[in-house]
Amino acid sequence: MADFGEILRNIGEFGLFQQLTLIALSFPNFTQSFLFASFLFIQSDPARHCNTDWILQADSNLTTDDQLNLTLPREEDGTFSRCQMFVPVDWDIVAIREYGLNETTGCQNGWVYNNNMYDATIVTDFDLVCDKAKMVEVIQAMFMAGILVGSVIFGPFAESFGRKRATQTTAVILLIFTITTALSPNVYVYLTSMFMVGIGAGGYRINSIILATEWIGPSKRSWGACVAQLFGAVGQCVLAGMIYFIRDWRLAQLITAAPLAVVVVYIWFIPESARWLLSRGRTEEAKQLIVKAAAINKRTVPDSLLNNIAGKDVEKKGGIQVIFRSPVMTKYFFIITLAWFSLSLSIFCLYFNMESLGFSIFLTQLLFGAIEIPAHILCMWLMEVIGRKILFVATVLTGGLSCILVLAVPQGYNIAVTSLAVAARFFLISGATICNVFVQELFPTSVRQTATALGAIAGRLGGLLAPLLNILAMYHWSIPTTVFSGFTLVSGALGFLLHETRRKELPESADEVENNR
């Protein structure tokens, strides 16, 4: 009876076949970073005033200063109001100058924006200011909700229809709705499109990583998650440069759609997971893929090994009930999901709050992306040197500690705050990468996709709550940091209860997990 680990040792644990598959599946993560462009690079309170061109009907020769002085009330500091205007009247200009206007109202004909950092943002295009200012957080939350829903839908979808079909479907969703996002005529179409983009992004990431990982042998298995995350880190760096030069969110979205169109073409040629095919009893299809992989890796598969594949008794039914029937898997599940939730909550709270760190948002974005590259590279190496467990505990605890130290820095010390935020991101991203590897190695093939999807759902829930948690800063600036740091520190401490999985075969059944407790 052939073990799949033995098959991989014969065809090559990380040969050309696995390398090409991994790169092809990881490339969309490069462009997924750009999906944040439209609502991350915004000026939350841009310089503006109400559009008061109505007064030009009374005197078309008014200077801009005269127009503003006659039609806009002033704040206590002497500046023109950003959200109020005087009620329009049918008087002639002489009467307006003599008697003045006193009754105020909200902006009735939109706003005039000036001195903007960008040519166009969702804030200026959809007028998300004044009473609509909180729509920015709602949009962020809806995007993260879409990612959560995508994880919920396409986790079970992949168990039933295959990892390949799930990645294909989500790649198509990403392309279609990235384009509709760029062409949105109003904020409601934009909101719906971003929700659908989130569904595609959430479903693609979890399935693509698992599809790549299930073809890789134990010695390089951590590369599946790390390389995928590494592509995303490079995308973060490129994103900073793209927004710096483009400065128009709609054009940025269309640029994002271009490489996704290429992905939609080649994604149909990606091989299915042989592990999944075997778990579904589709042995002949699995054999054909194994032979094909061996040929690309310039290896041969002994006939005796292929014949033994058919005799393997694998679990055909999985699901969440299998996890909770096992005390060991239940413990692993709750630790991993809490860690995934805490890490995502911390990462996105820092990310969405980037504008308030004090530095140029372009520089901060570049630093946030650049710090991820060594984080993923070091993870790929250290996970094979010192193992998953110790590295997981060390990175998560250090990341949580770096976040909580931000509270000790006096306000106004922008360099210190940004340095701590970048250091925290380094360790939090490392912890999230290890978490992604851990969840695939702790659970058997029959429930691996379900466990990963549920863990990803917990992570997406953390991302969904991040913009809402940041809103609590209006009551006290330290509340968000205290909450997400506390969750992260608890998660790191619970990591001591996990089982080391370095260079061990992926479990194929619940019994194997129980025996390796």
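Residues numbered from 1 in each chain as written. Predicted model: local features only at pLDDT ≥ 70, side-chain atom pairs only at ≥ 80, totals over all residues. Heavy atoms only, no water.

### Some words on the overall build of the chain
Part 1 of the reasoning: Looking only at helices and strands, one finds 22 helices and four strands in the chain.
Part 2 of the reasoning: By its C-alpha atoms, the chain is 100 × 50 × 35 Å across when sized along the principal axes.
Part 3 of the reasoning: In the chain, which comprises 517 residues, the proportion classed as buried is 57%.
Part 4 of the reasoning: Contacts in the chain between residues at least 24 apart in sequence constitute 80% of all its contacts with a sequence separation of at least 6.
Part 5 of the reasoning: With the model as given, the accessible surface of the chain reaches about 21,000 Å², and the carbon-plus-sulfur share is 61%.
Part 6 of the reasoning: In the chain, 36 positive and 39 negative side-chain charges are present, and the distance between their average locations comes to 15 Å. (Helix = DSSP H or I, 4+ residues; strand = E, 2+ residues; numbered from the N terminus. Buried < 20%, exposed > 50% of the residue type's maximum accessible area, 1.4 Å probe, protein only. Contact = heavy atoms within 4.5 Å. Areas by Shrake-Rupley, 256 points an atom, 1.4 Å probe, with all protein chains shown as cover. Lys, Arg positive; Asp, Glu negative; His and termini not counted. Charge placed at Lys NZ, Arg CZ, Asp CG, Glu CD.)

### A few points about the pattern of salt bridges
Part 1 of the reasoning: Throughout the structure, instances matching the rule amount to eight salt bridges.
Part 2 of the reasoning: Across the pair Asp125 and Arg250 runs a salt bridge whose closest N-O atoms are separated by 3.3 Å. Placement of the pair is Asp125 in helix H6 (residues 122-125) and Arg250 in helix H11 (residues 249-266), with a sequence separation of 125 residues.
Part 3 of the reasoning: Overall, the relative accessible area of 23% leaves Arg250 in the partly exposed class. (Salt bridge = Lys/Arg side-chain N within 4 Å of Asp/Glu carboxyl O.)

### Looking at the state of the cysteines
Part 1 of the reasoning: Evaluation of the coordinates by the stated rule reveals two disulfides.
Part 2 of the reasoning: The residue that forms a disulfide with Cys50 is Cys107, at a sulfur-sulfur distance of 1.7 Å. For the disulfide bridge between Cys50 and Cys107, the dihedral angle about the S-S bond is near -60 degrees, and by the sign convention the bridge is left-handed. Placement of the pair is Cys50 in strand S1 (residues 48-50) and Cys107 in the loop between strand S3 (104-106) and strand S4 (111-113), with a sequence separation of 57 residues. Neither Cys50 nor Cys107 differs from the other in exposure class; each is buried.
Part 3 of the reasoning: Cys83 shares a disulfide with Cys130; S-S distance 1.9 Å. Judged by the sign of its S-S torsion, about -95 degrees, the bond between Cys83 and Cys130 is left-handed. Note that Cys83 is positioned in the loop between helix H4 (64-71) and strand S2 (84-86) and Cys130 in the loop between H6 and helix H7 (135-161), a separation of 47 residues in sequence.
Part 4 of the reasoning: Taking the relative accessible area as the measure of exposure, Cys83 reaches 27% and is therefore partly exposed. (Disulfide = S-S within 2.5 Å.)

### Topic: helix H8 (residues 163-182)
In an α-helix, one full turn covers 3.6 residues, which means residues spaced three or four apart are oriented alike.
Part 1 of the reasoning: Across its 20 residues, H8 extends 29 Å between first and last C-alpha, which sits within 8% of the 28 Å expected from 1.5 Å per residue.
Part 2 of the reasoning: Among the residues of H8, Arg163, Ala166, Thr167, Gln168, Thr170, Ala171, Ile173, Leu174, Leu175, Thr178, Thr181 and Ala182 are the ones counted as buried.
Part 3 of the reasoning: Check the buried side of H8 and you find it contacts helix H2 (16-32), H7, helix H9 (187-213), H11, helix H12 (274-279) and helix H20 (445-471). (Expected span 1.5 Å × (residues − 1).)

### Structural notes on empty space enclosed by the protein
Part 1 of the reasoning: Throughout the structure, instances matching the rule amount to three cavities of 30 Å³ or more.
Part 2 of the reasoning: Considered as a void within the structure, the largest cavity measures approximately 550 Å³ in volume.
Part 3 of the reasoning: Lining of the largest cavity is provided by 30 residues; of these, Arg205, Gln229, Phe348, Ile429 and Arg460 occupy positions nearest its centre.
Part 4 of the reasoning: Here the element with the most residues in the lining of the largest cavity is helix H16 (residues 327-352); it accounts for six residues.
Part 5 of the reasoning: Across the lining of the largest cavity, the residue classes break down as 15 nonpolar, eleven polar and four charged. (1 Å grid on protein atoms, 1.4 Å probe; cavity = no way out; pocket = protein on both sides within 12 Å on 5 of 7 lines; lining within 4 Å. Points joined across faces, edges and corners; volume = space filled by probe spheres on them. Nonpolar A, V, L, I, M, F, W, Y, C, P; charged D, E, K, R; others polar.)

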